[in-house]
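A structural walkthrough
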Amino acid sequence: MESMTKNKQNRDVIRRMAEKYMSPLKMTDCRELTEGMFNAAYEVCLDNGSSVILKIAPPKEAEVLTYEKNIMYAEMQTMIMLSQQGSIPVPHIYGYDDSCTVCTSPYFVMEKLRGESMNKIRYALSQEQIDSLYLETGRIIRNVNNIACPCFGFPAQSEYQGDNWYSVFYKMMTAAIDDARRTDAMLEVPPDELMNELGRSEAFFNEVTEPRLVHYDCWDGNIFVENGNITGIIDWERVLWADPLMELEFRRFSPNLVFQKGYGLEELNKNQIIRALWYDVYMMVLVASECESRKYDINEVYGWGGVLEKQFEELKGLL
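Let me begin by describing the structure that accompanies this report. (Residues numbered from 1 in each chain as written. Predicted model: local features only at pLDDT ≥ 70, side-chain atom pairs only at ≥ 80, totals over all residues. Heavy atoms only, no water.)

This part takes up the overall build of the protein chain. From N to C terminus, the protein chain includes 10 helices and 12 strands. Computed over the C-alpha atoms, the radius of gyration of the protein chain is 20 Å, within 12% of the 20 Å expected from 2.2 N^0.38 for a compact globule of 319 residues. Expressed along its principal axes, the backbone C-alpha trace of the protein chain runs to roughly 60 × 45 × 40 Å. Residues classed as buried in the protein chain amount to 54% of the 319 residues present. Put simply, 69% of the contacts in the protein chain that link residues at least 6 apart link residues at least 24 apart. Positive and negative side-chain charges in the protein chain, numbering 32 and 49 respectively, have mean positions lying 2 Å apart. (Helix = DSSP H or I, 4+ residues; strand = E, 2+ residues; numbered from the N terminus. Rg over C-alpha atoms; globule rule 2.2 N^0.38 Å. Buried < 20%, exposed > 50% of the residue type's maximum accessible area, 1.4 Å probe, protein only. Contact = heavy atoms within 4.5 Å. Lys, Arg positive; Asp, Glu negative; His and termini not counted. Charge placed at Lys NZ, Arg CZ, Asp CG, Glu CD.)

Structure below.
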């Protein structure tokens, strides 16, 4: 996947970036990792036979959406916190550099997890194995969501933080709509209608009183597996302090029922369904805008506006 936000670097720069934190080890080889859609990433091979992962934030001049600002810093801080806690399997961070002296963007070097992403090996797995992994993922993400946070919002943007979940989410949605207008994203639903309905929905958010850690992007490509077991969860860049129902597996347009069983929440009540549908709408606004701002090189990712329209109609039917 090619994107305008990927800040690719040549071999010499990659070597200097990695060796800043892995010295006295030396780089012997490197290869680009292409599954991601936002950051540039490389596997760096070292002269002791091991490998590390190098992840580079977008160039400063790249157009990014509001929620994407400072997300590498938020990801790095979250992974360090989780690795110190020890109960959530995440890669170890060897170093983070935001000086922009070696590279033109911030970057970090992290442990290379054992195994492969579930997305890459899914074809070789039986349904029983897939279900077992989703059950385990549900249990892991439940542990993630059990972590209390200082407030609601984006961890690395104080202007999008607060103690009231509805107020913070309303501000997040407003920013997403502004980004959609700026990027000329095809939403298929008038933005003013979206915001008017959200204005009528405050009561459904009031039962969310405790901000929790939310991964928000735990799809198959971010679940690493070896010998039928999960070795770690990666890509914490979209991390939020929010309602756990924002997790990807609770999206109403593509629910993961096996995950939900492992998580321990197999059936949502009406208020939860309404909030989940609002999170569907929010996600569709984001991905429609991402397609425009990142200028993807393939067409398959377009058309999210139609999904947004469908989810919004279902939502209005419940309000």
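Attention now goes to the nonpolar core. Residues Trp165, Phe169, Met173, Phe205, Met246, Trp278 and Tyr282 are the most contacted members of the largest nonpolar core, which totals 84 residues. Counting residues per element, this core draws most heavily on helix α9 (residues 270-294), at 14 residues. Not counting residues up to four positions away in its chain, the partners in contact with phenylalanine 169 are Leu198, Phe205, Met246, Trp278, Tyr279 and Tyr282. With 17 residues, the next largest nonpolar core counts Met17, Met27, Cys30 and Ala40 among its residues. (Core = buried A, V, L, I, M, F, W, Y, C linked by side-chain atoms within 4.5 Å.)

This next bit is on the pattern of salt bridges. Scanning all chains against the criterion turns up 25 salt bridges. Here glutamate 43 and arginine 31 are joined by a salt bridge, their closest N and O atoms 2.9 Å apart. One end of the pair, glutamate 43, is in strand β2 (residues 40-46); the other, arginine 31, is in strand β1 (residues 27-33), with 12 residues separating them in the sequence. Overall, glutamate 43 belongs to the buried group, its relative accessible area being 9%. The exposure class assigned to arginine 31 is partly exposed, which follows from its relative accessible area of 44%. (Salt bridge = Lys/Arg side-chain N within 4 Å of Asp/Glu carboxyl O.)

Here the focus is the sheet that holds strand β10 (residues 223-226). What the 3 strands build is an open sheet, ordered β6-β10-β11; its pairing is antiparallel. Only two strands of the sheet have a single neighbouring strand rather than two, namely β6 (116-117) and β11 (229-233). Bridge count between β10 and β11: 4 bridges; the pairing is antiparallel. Bridging from a neighbouring strand, phenylalanine 224 pairs with glycine 232 of β11. (Pairing = 2+ DSSP bridges.)

Of the strand pairs in this sheet, β6 and β10 are connected by 2 bridges, and their pairing is antiparallel. Pairing of glutamate 116 across the sheet is with valine 225, part of β10. Counting the residues in the hairpin turn of β10 and β11 gives 2 residues, including asparagine 227, whose phi is positive at 55°.

Moving on, we come to helix α1 (residues 11-22). Its 12 residues place the ends of α1 16 Å apart at the C-alpha level, agreeing with the 16 Å of an ideal helix rising 1.5 Å per residue. In this fold, the buried residues of α1 make contact with β1, β2, β3 (51-56), β4 (93-97) and β5 (107-111). (Expected span 1.5 Å × (residues − 1).)

Under the defined criterion, the tally for this structure stands at 16 aromatic pairs. When the ring of tryptophan 165 is compared with that of phenylalanine 169, the centres are 5.7 Å apart and the planes differ by 45°; the resulting orientation is tilted. In this pair, tryptophan 165 and phenylalanine 169 both sit in helix α5 (residues 165-183), 4 residues apart, roughly one turn of the helix. Stacked on the ring of tyrosine 160, the Lys or Arg lysine 171 has its end atom at 5.3 Å from the ring centre. (Phe/Tyr/Trp six-rings, centres within 6.5 Å; stacked < 30°, edge-to-face > 60°. Lys NZ or Arg CZ within 6 Å of the ring centre and 35° of its normal.)

Glancing now at unusual backbone geometry. With an omega of 15°, the peptide bond between serine 23 and proline 24 qualifies as cis. If you trace the backbone, proline 24 turns up in the loop between α1 and β1. The phi torsion at tyrosine 216 lies on the positive side, around 80°, for a residue other than glycine. Among the secondary structure elements, tyrosine 216 is positioned in the loop between β9 (212-214) and β10. Not every positive phi belongs to a glycine, and aspartate 235 is a case in point at roughly 55°. Tracing the backbone shows aspartate 235 in the loop between β11 and β12 (240-242).

Once that is clear, we can look at the pairing of β2. Burial analysis of β2 places 6 of its 7 residues in the buried class, which makes it a mostly covered element. Note that β1 and β2 share 6 bridges and pair antiparallel. Paired with cysteine 30 across the bridge in β2 is valine 44. As consecutive antiparallel partners, β1 and β2 are separated by 6 residues. For β2 and β3, the ladder comprises 6 bridges, and the chain directions are antiparallel. Bridging from a neighbouring strand, tyrosine 42 pairs with leucine 54 of β3.

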